Each structure stands twice: as structure tokens, then as C-alpha cells.
Amino acid sequence: EAGVAQSPRYKIIEKRQSVAFWCNPISGHATLYWYQQILGQGPKLLIQFQNNGVVDDSQLPKDRFSAERLKGVDSTLKIQPAKLEDSAVYLCASSYLSGQGHGYTFGSGTRLTVV
Amino acid sequence: DQQVKQNSPSLSVQEGRISILNCDYTNSMFDYFLWYKKYPAEGPTFLISISSIKDKNEDGRFTVFLNKSAKHLSLHIVPSQPGDSAVYFCAASRDTGKLIFGQGTTLQVKP
């Protein structure tokens with residue numbers, strides 16, 4: 001089974017620039033998550049999709065972050081404009097079902113550095 | 001508001017000995033708990049989980065214990081191996097699938 005694919009692996013941008021991350025979940029996984037992991041902290045959920053609908057985006061800074069999941073498969077996360085505090089690893093994960101008891105499969109993440 | 005806490009940033013043990021990683025939570029509505037392991041430059045990988053209706057779950061060298069009254073869970077690794085050296089995250093969830101992660105504990109197993 002192919003894993004969760006993310007690109008790019010690394011990105012360095014200047015503050016106020018925009019950036020986009022891409023995620024391709026495991027085939028057949030209906031639920032897709034974007035997490036932000038700041039150095040020294042645990043991952044924090046930004047947004048959860050069920051198919052192409054948003055389930056939870058309560059912690060997504062909507063003034064600068066946006067995400068979409070077209071056709072319920074791939075997803076993109078965008079930051080515009082970026083701030084220094086957005087430097088983090090952005091992790092995409094997918095699961096077959098939502099709800100407790102189902103461990104996610106994470107991608108390797110995109111490490112963003114904002115200078 | 002840190003609902004899941006791992007108060008030990010790091011732990012060092014000798015190969016063959018037991019590793020015990022601890023996690024505390026504050027929200028009594030959590031009903032499922034998971035442990036993830038993370039190597040550098042990789043995403044977290046699922047290790048083991050436990051439902052709130054149980055107090056112990058075992059999978060090979062890994063055992064998770066849950067003490068609901070104390071809102072505390074622990075991961076035991078016996079025997080520890082150098083390949084277990086990684087960052088370990090505990091996480092908690094309710095029925096939505098959203099995971100709340102702790103800050104992580106870096107485990108170093110010395111040969």
C-alpha cells in the first residue's frame with residue numbers, strides 16, 4: 001500500500017510571501033487531516049476533511065491559511081501571506097474512517113522555513 | 001490550554017532495560033488514546049492504542065497502561081532496543097477522529 005505523499009519536502013520563503021503544500025492520501029481513505037508541528041511541540045490539527053467536506057477547521061488561521069480537497073482525494077494547504085511564526089513542519093494524514101480507534105497514516109511532512 | 005501533557009522531554013535507558021514514557025491528560029471526555037513514534041525527517045507512525053474502557057493493551061514489546069482516575073497513561077517498552085530511539089507522542093481523541101497530541105518525549109536507547 002502506497003503511503004501518504006506530500007510535496008515539497010522543504011520550502012524556504014520570505015515573510016509576506018505565499019506558499020502551497022500538496023498532499024495525496026492513501027487510496028480509499030475518506031478522511032484527510034492537516035497538522036502543524038512547531039519545533040518542540042506536538043502536532044496541532046489545522047483542518048479535517050471528510051471526503052471533500054470540512055469537518056473541523058476551528059484552529060485554522062483563516063485570515064492567512066486556506067485548504068481545499070477537490071474531488072475528495074488530493075488536498076492543498078496554502079499560506080498567504082506567511083509570517084515568521086508559520087515556520088513548522090506541515091503534516092498531512094489520512095484514515096479510512098473518522099472517529100476514535102483508527103490510527104492515522106502520516107506523510108513525511110513539508111518543512112517550512114519563513115525568513 | 002494543553003490538554004495532553006508529556007512532562008519529560010527526554011529519557012535515556014540502557015539496551016535491554018525497560019523504557020517507561022508517561023502522559024497526562026485533563027479532558028475526561030477523551031475516550032481513546034494512542035502512541036506514535038517519530039524518526040527524524042519522517043512523519044509519526046502509529047504504535048499502539050487503548051480504549052478508555054480498558055486499562056491495559058499489549059502488542060509485543062509495547063504495553064500501554066491507562067489510569068482513568070488519575071488521567072494518566074504510560075507506554076512500557078520491554079526490552080528496549082537501540083532502534084526504539086525516537087520521539088514518542090501520546091495523543092487523545094474523542095469520537096471525531098481529531099487527535100490532541102502531547103509535546104513528545106525523546107527516547108534514547110544506549111547500546
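Our subject is the structure that appears above.
Everything quoted here is computed from the prediction, not taken from an experiment.

About the thresholds
- Residues numbered from 1 in each chain as written.
- Chains lettered and ligands numbered in written order.
- Predicted model: local features only at pLDDT ≥ 70, side-chain atom pairs only at ≥ 80, totals over all residues.
- Heavy atoms only, no water.
- Buried < 20%, exposed > 50% of the residue type's maximum accessible area, 1.4 Å probe, protein only.
- Helix = DSSP H or I, 4+ residues; strand = E, 2+ residues; numbered from the N terminus.
- Pairing = 2+ DSSP bridges.
- Disulfide = S-S within 2.5 Å.
- Core = buried A, V, L, I, M, F, W, Y, C linked by side-chain atoms within 4.5 Å.
- Contact = heavy atoms within 4.5 Å.
- Phe/Tyr/Trp six-rings, centres within 6.5 Å; stacked < 30°, edge-to-face > 60°.
- Buried area = accessible area lost by both parts, 1.4 Å probe.
- Salt bridge = Lys/Arg side-chain N within 4 Å of Asp/Glu carboxyl O.
- Polar contact = N/O pair within 3.5 Å; in protein donor to acceptor, adjacent residues only side chain to side chain.
- Patch = residues over 30% accessible without salt bridge, like charges linked within 9 Å, V, L, I, M, F, W, Y side chains within 5 Å.
- Areas by Shrake-Rupley, 256 points an atom, 1.4 Å probe, with all protein chains shown as cover.

Turning next to the pairing of strand β8 (residues 72-77) of chain B. Residues and elements named next belong to chain B. Counted residue by residue, β8 has five buried out of six residues, so it is predominantly covered. Across six bridges, the pairing between strand β3 (residues 19-25) and β8 is antiparallel. Along β8, the bridge assignment pairs N22 with S74. Both strand β7 (residues 62-67) and β8 contribute to a ladder of six bridges, which runs antiparallel. By the bridge assignment for β8, V64 is matched with L75.

A separate point is the state of the cysteines. Structurally, a disulfide amounts to a covalent bond that connects the sulfur atoms of two cysteines. All names here are of chain A. Evaluated as defined, the whole model comprises two disulfides over all chains. The residue that forms a disulfide with C23 is C92, at a sulfur-sulfur distance of 1.9 Å. Because the torsion about its S-S bond is -70°, the bridge between C23 and C92 counts as left-handed. Here the residue C23 occupies a position in strand β3 (residues 19-24), and C92 occupies one in strand β9 (residues 88-95), the gap between them amounting to 69 residues.

Turning our eyes to something else, we now look at the nonpolar core. Burial of nonpolar side chains together is a common tendency in soluble globular proteins. Formed by 24 residues in total, the largest nonpolar core has its most connected members in V4(B), F33(B), W35(B), L73(B), L75(B) and Y88(B). Only β3, β4 (32-38), β5 (45-51), β7, β8, β9 (86-93) and β11 (105-110) of chain B provide two or more residues apiece to this core. Once residues within four sequence positions are removed from consideration, Y88(B) is found in contact with Q6(B), L21(B), W35(B), Y36(B), K37(B), L47(B), L75(B), I77(B), G104(B), T105(B) and L107(B). By size, the runner-up hydrophobic cluster in this structure holds 21 residues, among which are F65(A), I79(A), A88(A) and C92(A).

Another aspect to go through is the packing of aromatic side chains. A ring pair, where both rings are aromatic, is described by two values, the distance of the centres and the angle of the planes. Under the defined criterion, the tally for this structure stands at 16 aromatic pairs over all chains. With a centroid separation of 5.8 Å and an interplanar angle of 70°, the aromatic rings of Y36(B) and F46(B) are classed as edge-to-face. Taken as a pair, Y36(B) in strand β4 and F46(B) in strand β5 lie far apart in primary sequence, 10 residues in all. Under the relative-accessibility criterion, F46(B) is labelled partly exposed at 37%. Summarising the aromatic geometry, the rings of F89(B) and F101(B) are spaced 6.2 Å apart at their centres and angled 90° between planes, so their arrangement reads as edge-to-face. Highlighted residues: F89(B) in strand β9 and F101(B) in strand β10 (residues 99-101), separated in sequence by 12 residues. Assessed through its relative accessible area of 4%, F101(B) is described here as buried. Site record: aromatic cluster; members linked through ring pairs are Y33(A), Y35(A), Y104(A), F106(A), Y36(B), F46(B), F89(B) and F101(B).

Turning to the interface of chain B and chain A, a few remarks are in order. The interface of chain B with chain A comprises 21 residues on the first partner and 23 residues on the second. Summing both partners gives a buried area of about 1600 Å² for chain B against chain A, and 56% of it is carried by carbon and sulfur. Per-residue buried area on chain B facing chain A is highest for P44(B), K98(B) and F101(B); these three make up 29% of the total on that side. Counting across the chain B and chain A interface gives one salt bridge. One salt bridge connects K98(B) with D56(A), and the closest N-O pair in it is separated by 3.7 Å. Remark: the boundary between chain B and chain A carries four residue pairs in polar contact (both at pLDDT 80 or more).

Now for a nonpolar patch on the surface. A cluster of nonpolar side chains, namely I18(B), I20(B) and V78(B), defines an oily patch on the protein surface of about 220 Å² accessible area. Of the residues examined, I18(B) reaches a relative accessible area of 40% and is grouped as partly exposed.

A separate point is the sheet that holds β7(B). All names here are of chain B. Overall, antiparallel pairing links the five strands, which are arranged β1-β3-β8-β7-β6 in an open sheet. Where the open sheet ends on each side, the last strands, each with one partner, are β1 (4-5) and β6 (56-59). Where β1 and β3 come together, two bridges link them in antiparallel fashion. Paired with V4 across the bridge in β3 is Y25.

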